[in-house]
Amino acid sequence: MDRARGLILMLALITPLVCGAKSSMSVTPGRVNFGIAAGAASTSLYMREICIGDFTTTNYSRSPEVCYLFDAFARINIRRYYFQTGLSYYNNSSSVRFDVPEDIRMDNAAYSKEGMITRTFSVSGQNIQMPAVFGFYIIRQAPYYMSLFVGPELSIPLKSTYRSNYSGFGDAGTIDDIYPVSWKMTLGMCFNISCVFLNFGYDFDLRTQSDGVIKPDVSIAGMPDVVMRRTSSMLHFSIGLMF
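Residues numbered from 1 in each chain as written. Predicted model: local features only at pLDDT ≥ 70, side-chain atom pairs only at ≥ 80, totals over all residues. Heavy atoms only, no water.

A. Region of interest: the overall build of the chain. Within the chain, the regular secondary structure consists of 1 helix and 13 strands. The helix and strand sequence of the chain, counted from the amino end, reads α-β-β-β-β-β-β-β-β-β-β-β-β-β. With 243 residues in all, the chain has 44% of them scored as buried. By sequence separation, contacts in the chain at least 24 residues apart represent 73% of the contacts at least 6 residues apart. (Helix = DSSP H or I, 4+ residues; strand = E, 2+ residues; numbered from the N terminus. Buried < 20%, exposed > 50% of the residue type's maximum accessible area, 1.4 Å probe, protein only. Contact = heavy atoms within 4.5 Å.)

Right, dumping it as structure tokens:
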């Protein structure tokens, strides 16, 4: 709830600045434009493998959470096309819930149904991304522009901020070695009115974020191996200014 309130406040502060911008500024094909933006996003986990000892399951429920993002970019316009790159910062938090047999129970988990208990796996952290986006203007009648874009993104997780948790380890923390970089794909739509723009996009991982092996940071006797191989996706929107 505090995070949602923070996002509302952030957008409330940005919107008057955006709406008060000079209307003479607009996207001009054939020139370089720069932009800044802020917005909100929702991240979700997609499990490729859930394995605890000899038990595996593909049945789980996702619990995405709202996060925030900031962008700074440069755009090169060539007639009805453009290339865009820059830096993007965002935080993320999401979790999944699933049922496992009672005989691999290690703590006081709640029962979900007879002979089964409910487990959760969650991740959170902060990331820096560098996109290489290619766009096409569907509408290009100043001061109104609408475009579609697609392209790869290099994502760098800030490891000092990364946290993961598997509820089966009780109060023990977890060790989850994530890759130093990962590749994503982004696609979406951008609307411009003069220098003001709205972005709507969808990002998804092109490979898993780690080898998926989750370990407690202390020894727990009899605890089976836990594997959580996953990818993630992010649905986002932002509002900003282009110069």
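B. Unusual backbone geometry, seen in detail. The omega angle of the peptide bond from Ala 142 to Pro 143 is 5 degrees, so this bond is cis rather than trans. Position of Pro 143 relative to the elements: it lies in the loop between β6 (116-141) and β7 (144-157). A positive phi angle, near 55 degrees, is found at Arg 79, a position not held by glycine. One can find Arg 79 in the loop between β3 (61-78) and β4 (81-101). Arg 79 sits in the exposed class, given a relative accessible area of 64%. Phi is positive for Ser 194, close to 55 degrees, though the residue is something other than glycine. With respect to the element layout, Ser 194 can be found in the loop between β10 (182-193) and β11 (196-205). Accessibility expressed as a relative area gives 9% for Ser 194, which makes it buried.

C. View of the environment of Asn 91. Structurally, Asn 91 can be placed in strand β4. What makes Asn 91 buried here is its relative accessible area of 6%. In this structure, the C-alpha to C-alpha distance between Asn 91 and Thr 43, residues 48 residues apart in sequence, is 9.3 Å. For Asn 91, the side chain forms a polar contact with the main-chain nitrogen of Tyr 68, separated by 2.9 Å. (Polar contact = N/O pair within 3.5 Å; in protein donor to acceptor, adjacent residues only side chain to side chain.)

D. Here's a closer look at the packing of aromatic side chains. Following the criterion strictly, the structure yields 13 aromatic pairs and no others. Between Tyr 82 and Tyr 137, the aromatic rings sit 5.1 Å apart at their centres with planes inclined by 55 degrees, giving tilted as the arrangement. With Tyr 82 in strand β4 and Tyr 137 in strand β6, this pair connects stretches of sequence that are 55 residues apart. As far as burial versus exposure is concerned, Tyr 82 and Tyr 137 are alike and both buried. (Phe/Tyr/Trp six-rings, centres within 6.5 Å; stacked < 30°, edge-to-face > 60°.)

E. Region of interest: the nonpolar core. In terms of nonpolar packing, the biggest core is built from 21 residues, with Ile 52, Phe 98, Phe 121, Tyr 166, Val 226 and Met 228 touching the most fellow members. Counting residues per element, the ones that place at least two in this core are β1 (32-52), β4, β6 and β13 (226-242). If sequence neighbours within four positions are ignored, Tyr 166 has contacts with Ile 52, Phe 98, Arg 119, Thr 120, Phe 121, Thr 174, Ile 214, Met 223, Val 226 and Met 228. Residues Phe 73, Phe 149, Phe 197 and Met 242 belong to the second largest nonpolar core, which totals 10 residues. (Core = buried A, V, L, I, M, F, W, Y, C linked by side-chain atoms within 4.5 Å.)

F. Expanded view of the side chain of Asp 176. Within the secondary structure layout, Asp 176 lies in the loop between β9 (174-175) and β10. A distance of 3.1 Å separates the side chain of Asp 176 from the side chain of Tyr 162, its partner in a polar contact. Among the polar contacts made by the side chain of Asp 176, one reaches the side chain of Arg 230 at a distance of 2.6 Å. Residue contacts for Asp 176: discarding those within four places in its chain leaves Phe 121, Tyr 162, Ser 164, Ser 210, Val 213, Ile 214 and Arg 230.

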